[in-house]
Amino acid sequence: MNHSYIAGTGSYVPEKIITNFTLEKMIDTSDEWIRTRTGILERRIAQENETTSDLSIKAALSAIEDAKITSGDLDLIITATVTPDMVFPSSSCMIQKNIGAHKAAAFDVAAACSGFIYALNVGDQLIKSGQYKTVMVLGADTLTKIIDWTDRNTCILFGDGAGAVILKSTQEDRGIYSTHLYTDGTLGELLEVRSLRPTSEETLTNRLHYISMKGNELFKVAIKAMTEAIQDVTRSNGIPIDAVDFFIFHQANIRIIQAVAQRLNIPENKIPLTIQKYGNTSTASMPITLDELNKAGKIQPGNTVCFAAFGGGLTWASSLLKW
Ligand code: UT7
């Protein structure tokens, strides 16, 4: 039976840094409030002319190098994003063109901050089915382009970035065990960007092109959802939670991560964090965190890694793999 395993990782964040102290000068907030309520110290912001696919291309090339393949080896590119450069062509098509992955089919997946796990699941299944052998899965977003910089409830949270993994087919005892996807569309209004329509006076006045969020309600749902998703994926594979070596969480708020960890008795040293330096990079947060862990040489062959995320939709997801 074919399995898919992660053969390489890559990531990229823009150079421009905005610290909490900079935000103090822009809105009614403080470094202390942001740090203690979210764990964020600073975030990276894409330049005006720097797009999601620009960040993705750099992450993609880094993952290709890490996996010791060439662009021409790729059968498929799937990018999870809610901030593509344009409605179409998709970000994945732009990445395909720019990295010269001539053989690869390419499309995007939209599941907000959970998108990376959704895309990973699609890539994994297409390898398990035997249709493809080498798939690149990306999570990439530039949410700072659609945040309302006058709304202190949201503008302090987000940053931009891209992460990529290369999935390869193997018959060995390694790779993705299973992935679990969940959706509750009835809670969609907790986190939304309303307007995809052409800009009008009405959409501008009502700020419908920007992220709006009921953070407090989302906070509680996120803790419950990710806790249960981790219980599901470990239980269904017969692997106890304390046998998992690393938990790669969507980096939305350090207090959400700590609350899940406390409920499941997960020690801090199993939870790599990047939120303090990048904020919430949406669907990029997990592949970026994984890449930093991988490049630091901290994951060893045979380690068990669990992903867990939640985001707009509402969507949430978990995945378990052997490195
Ligand atoms: O990827 C998914 C994306 N979304 C999330 O992950 C969001 C999940 N939610 C959260 O992370 C948290 O709910 C927030 C960080 C957004 C907010 O933290 P909280 O502890 O839930 O605060 P709150 O919304 O209950 O607000 C507490 C107070 C309020 O003032 P009052 O009403 O108590 O006077 C807010 O107006 O903090 C105020 N506040 C701020 N103060 C200073 C809200 N934002 C700020 C701010 N600076 N930036």
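Procedures and definitions
Residues numbered from 1 in each chain as written. Predicted model: local features only at pLDDT ≥ 70, side-chain atom pairs only at ≥ 80, totals over all residues. Heavy atoms only, no water. Pairing = 2+ DSSP bridges. Helix = DSSP H or I, 4+ residues; strand = E, 2+ residues; numbered from the N terminus. Axes fitted to C-alpha atoms, helices over the stretch in contact; angles between N-to-C directions. Contact = heavy atoms within 4.5 Å. Buried < 20%, exposed > 50% of the residue type's maximum accessible area, 1.4 Å probe, protein only. Domains from an automatic or database assignment. Salt bridge = Lys/Arg side-chain N within 4 Å of Asp/Glu carboxyl O. Polar contact = N/O pair within 3.5 Å; in protein donor to acceptor, adjacent residues only side chain to side chain. Nonpolar A, V, L, I, M, F, W, Y, C, P; charged D, E, K, R; others polar.

Trainee: Which parts of the structure should I look at to understand the sheet that holds strand β6 (residues 134-142)?
Mentor: In space, the 5 strands of this open sheet follow the order β1-β7-β6-β4-β5, with mixed pairing throughout. Each having just a single partner strand, β1 (3-12) and β5 (105-109) make up the two edges of the open sheet. Along the sheet, successive strands turn relative to each other by an average axial angle of 20°, direction set aside. In this structure, strand β4 (residues 76-80) lies alongside β5, joined through 5 bridges in parallel fashion. Of the residues in β5, the one forming a bridge with T79 is D108. Set on the sheet, helix α4 (residues 91-99) makes contact with β4, β5 and β6; between it and β4 the angle comes to about 135°. Lying over the sheet, helix α10 (residues 285-295) contacts β1, β6 and β7 (160-170), oriented at roughly 95° with respect to β1.

Trainee: For this particular structure, what's the right way to read the environment of K58?
Mentor: Along the chain, K58 turns up in helix α3 (residues 52-66). For K58, a relative accessible area of 42% gives the class partly exposed. Expressed as a C-alpha distance, the spacing of K58 and S285, which sit 227 residues apart in the sequence, is 15 Å.

Trainee: Got a minute to help me understand the domain arrangement of the protein chain in this structure?
Mentor: Where interface size is quoted, it is often the accessible area lost as the parts come together. Parsing the protein chain into structural domains produces domain 1 (3-173) and domain 2 (176-322). Taken over C-alpha atoms, the centre of domain 1 sits 14 Å from the centre of domain 2. Contacts between the two partners involve 54 residues from domain 1, matched on the other side by 46 residues from domain 2. There are 2 salt bridges connecting domain 1 and domain 2. The salt bridge partner of D173 is K322, with a shortest N-O separation of 2.9 Å. Applying the counting rule to domain 1 against domain 2 returns 27 residue pairs in polar contact (both at pLDDT 80 or more). Those elements that provide at least two residues to the side of domain 1 that touches domain 2 are β1, α2 (31-38), β3 (42-45), α3, α5 (115-128), β6 and β7. In terms of residues, the side of domain 1 that touches domain 2 owes the most to one element, α5, which gives 8 residues. Broken down by class, the residue content of the side of domain 1 that touches domain 2 amounts to 23 nonpolar, 19 polar and 12 charged.

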